[in-house]
Amino acid sequence: VIMSTPRRATKDCNIDGHFIPKDTVILADYWRLHRHPDHFEHPNTFDHTRWLPNPQVDASTMKMTKLMDAFKPFAAGPRVCPGRPMAMRFMRVLLC
């Protein structure tokens, strides 16, 4: 199962110290990103409270920004999932 849209490098480049030759096919591993312990405490445990503001954490806003930067349920960039707007609307209907 492919978890993201393949991209092709248009030129030779370096990403995080790794050389990527031109025409290399690149995939973002969202499954691993969403379960990485650097971004999520207890990443394999369902915990809805991780998305709630935490008044006991001084940098609560920064923590939330870090979580949102690591969470890409609809992918990112110009090929983002076309169903995202509909999913966001349905989410509000279901939660209200």
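See above for the structure.
Just so it is clear, the model here is predicted, and its values are computed rather than measured. (Residues numbered from 1 in each chain as written. Predicted model: local features only at pLDDT ≥ 70, side-chain atom pairs only at ≥ 80, totals over all residues. Heavy atoms only, no water.)

**Regarding the overall build of the protein chain**
And then number 1: Helix and strand counts for the protein chain stand at three helices and four strands.
And then number 2: Walking the protein chain from its N terminus toward its C terminus, one meets helices and strands in the order β-β-β-β-α-α-α.
And then number 3: When contacts within the protein chain are restricted to residue pairs at least 6 apart in sequence, long-range pairs at least 24 apart make up 29% of them. (Helix = DSSP H or I, 4+ residues; strand = E, 2+ residues; numbered from the N terminus. Contact = heavy atoms within 4.5 Å.)

**Some thoughts on the environment of Ala-9**
And then number 1: By the secondary structure assignment, Ala-9 is in the loop between strand S1 (7–8) and strand S2 (13–15).
And then number 2: Taking the relative accessible area as the measure of exposure, Ala-9 reaches 8% and is therefore buried.
And then number 3: Sequence-wise, Ala-9 and Asp-23 are 14 residues apart; in three dimensions their C-alpha atoms are separated by 5.0 Å.
And then number 4: Residues contacting Ala-9, with those up to four places away along its chain left out, are Ile-20, Pro-21, Lys-22, Asp-23, Thr-24 and Ile-26. (Buried < 20%, exposed > 50% of the residue type's maximum accessible area, 1.4 Å probe, protein only.)

**Considering unusual backbone geometry**
And then number 1: Positive phi values are uncommon outside glycine, yet Asp-16 reaches one of about 55°.
And then number 2: Take Asp-16: it is sitting in the loop between S2 and strand S3 (18–20).
And then number 3: We note that His-42 has phi near 50°; this positive angle belongs to a residue other than glycine.
And then number 4: Locating His-42 in the fold gives a position in the loop between helix H1 (30–33) and helix H2 (60–70).
And then number 5: A residue is classified by how much of its surface remains accessible, and His-42, at 55% relative accessible area, is exposed.

Don't take any of this as a statement about function, it's just geometry.
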